[in-house]
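# Observations on the three-dimensional arrangement
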Amino acid sequence: MTADGFHIPTNLIDHLHSSEKIVVLTGAGISAESGVPTFREAKTGLWSQYDPQELATPEAFNSNPELVWKWYTWRQRLIATAYPNAGHKALVSLEEYQANQAAGFVLITQNVDGLHQRAGSRNIIELHGNIFRTRCINQCRRDEQGPGQNTFPPRCPNCNGLLRPDVVWFGENLPREALLQASLASQTCDTFFSIGTSSTVEPAKSLPYGAKQSGAVIIEINPNPTSLSHSADFSLNGPAGIILPEIISSIRRES
Ligand code: BJW
Ligand code: ZN
């Protein structure tokens, strides 16, 4: 039982002790406690204020790159001033714990904020790109440094084409290798965590079902029910920043 009254089931901790490969899928909810807004939550979600069709599609960028870049610049600044929270840090501990057991750990994230990297997680697959990278719409180069140009919207120093955020918009394919590795990891794990995601966006929302089909135990951490909740073996209803540290201390206490 945590100070906030969350109970981590003993059979879950027992399972984690013997788990040989843990896969974690995270979404915007894991960064909520860092002050980064989620997408779909009423009132606080980004899309209660902005229309995704105007901002997170290639069509939107083609018709109004300035508007799209303004939104991304605002979010880049917001994220740059945020810090990894207790949930991000607990996932670093879980990866270290698994390494000490000579067991596997893969962190698949839909987030573009880079907070898992900043917390210290190592084996990360970014499904939807990274908001701090840009790339040329003519695909001629990848700019890891961010725009840094004087023009707005920023342009490619190589071909003068528009630069865009290196993220995945609706209707676009996910990075091929990332999706391949994520699917493979999910289908070969014995424990699958789904944390802070509304499980609405394909293909990420299908990953836990691939894991379940292969016999993995599915654990969801989310203060609200999602489309995955009824298929999960454990639904832990609360904030990731409280539940994940409690799982880590239970694993350590009972080992
Ligand atoms: C907490 C918490 C706390 C709060 N602790 N939790 C099949 C059927 C129908 C449609 C499709 C389909 N296949 C593909 C599509 C189209 C589309 C899609 O899925 N649409 C659905 C919405 C219906 N998918 C795509 O277009 C994808 N591409 C693709 O599939 O290519 C092939 C293809 C194309 C076209 C047709 C068919 C096939 C690409 C998807 C790209 C998603 N991009 C975005 C923007 C990224 C860039 C940016 O950041 O600006 O990614 S959209 C947005 O949603 C972002 C997120 O990564 C993603 C997921 O959101 P997430 O993380 O789940 O956030 P929320 O806000 O939804 O949920 C937060 C959760 O946290 C909530 O549940 C809270 O309760 C919880 N929470 N506090 C724990 N403290
Ligand atoms: Zn270019």
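Nothing here was measured: the structure is a model prediction, and the numbers come from that model.

## Considerations on the side chain of Ser-229
When you line up the elements, Ser-229 lands in the loop between β8 (217–221) and β9 (234–236). Apart from residues lying up to four places away in sequence, Ser-229 is in contact with Glu-220 and Ser-235.

## A few points about the environment of Ala-99
By secondary structure assignment, the location of Ala-99 is in helix α5 (residues 86–100). When its relative accessible area of 53% is taken as the criterion, Ala-99 is described as exposed. Considering only alpha carbons, one finds Ala-99 and Phe-234, 135 residues apart in sequence, at a separation of 24 Å.

## A short note on the coordination of the zinc ion (ligand 2)
For the zinc ion (ligand 2), every protein donor is listed as Cys-136 (SG), Cys-140 (SG), Cys-156 (SG) and Cys-159 (SG), and the spread of their distances is 2.1 to 2.4 Å. Summarised as a motif, the one-chain spacing of the donors to the zinc ion (ligand 2) is C-x3-C-x15-C-x2-C. You can see Cys-140 sitting in the loop between β4 (129–136) and β5 (142–143) and its partner Cys-159 sitting in the loop between β5 and β6 (163–167), a full 19 residues away along the chain. Using a relative accessible area of 35% as the deciding quantity, one classes Cys-159 as partly exposed.

## A closer look at the nonpolar core
Counting residues in hydrophobic clusters, the biggest one holds 27 residues, and the most contacted among them are Leu-16, Phe-193, Ile-195, Ile-221 and Ile-247. With six residues, helix α9 (residues 240–253) is the largest single contributor of residues to this core. Within the second largest apolar cluster, 19 residues are counted, among which are Leu-174, Cys-189, Ala-204 and Ala-216.

## Things to note about the confidence of the model for the protein
Scored by pLDDT, the protein comes out at a mean of 92, with 91% of its residues at no less than 70. Model confidence for the protein, summarised as mean pLDDT per element, is weakest for β5 at 57 and strongest for strand β7 (residues 191–195) at 99.

## What about helix α1 (residues 10–18)?
Within α1 the residues assigned to the buried category are Leu-12, Ile-13, His-15 and Leu-16. What you see down the axis of α1 is that its buried residues fit within an arc of 160°, all on one side. Buried residues belonging to α1 abut β1 (21–26), α5, β7, β8, β9 and α9.

Thresholds, definitions, all that
- Residues numbered from 1 in each chain as written.
- Chains lettered and ligands numbered in written order.
- Predicted model: local features only at pLDDT ≥ 70, side-chain atom pairs only at ≥ 80, totals over all residues.
- Heavy atoms only, no water.
- Helix = DSSP H or I, 4+ residues; strand = E, 2+ residues; numbered from the N terminus.
- Contact = heavy atoms within 4.5 Å.
- Buried < 20%, exposed > 50% of the residue type's maximum accessible area, 1.4 Å probe, protein only.
- Donors = N, O, S within 2.8 Å, 3.2 Å for Na, K, Ca; no water.
- Core = buried A, V, L, I, M, F, W, Y, C linked by side-chain atoms within 4.5 Å.
- pLDDT = per-residue confidence, 0-100.
- Arc of directions from axis to C-beta.

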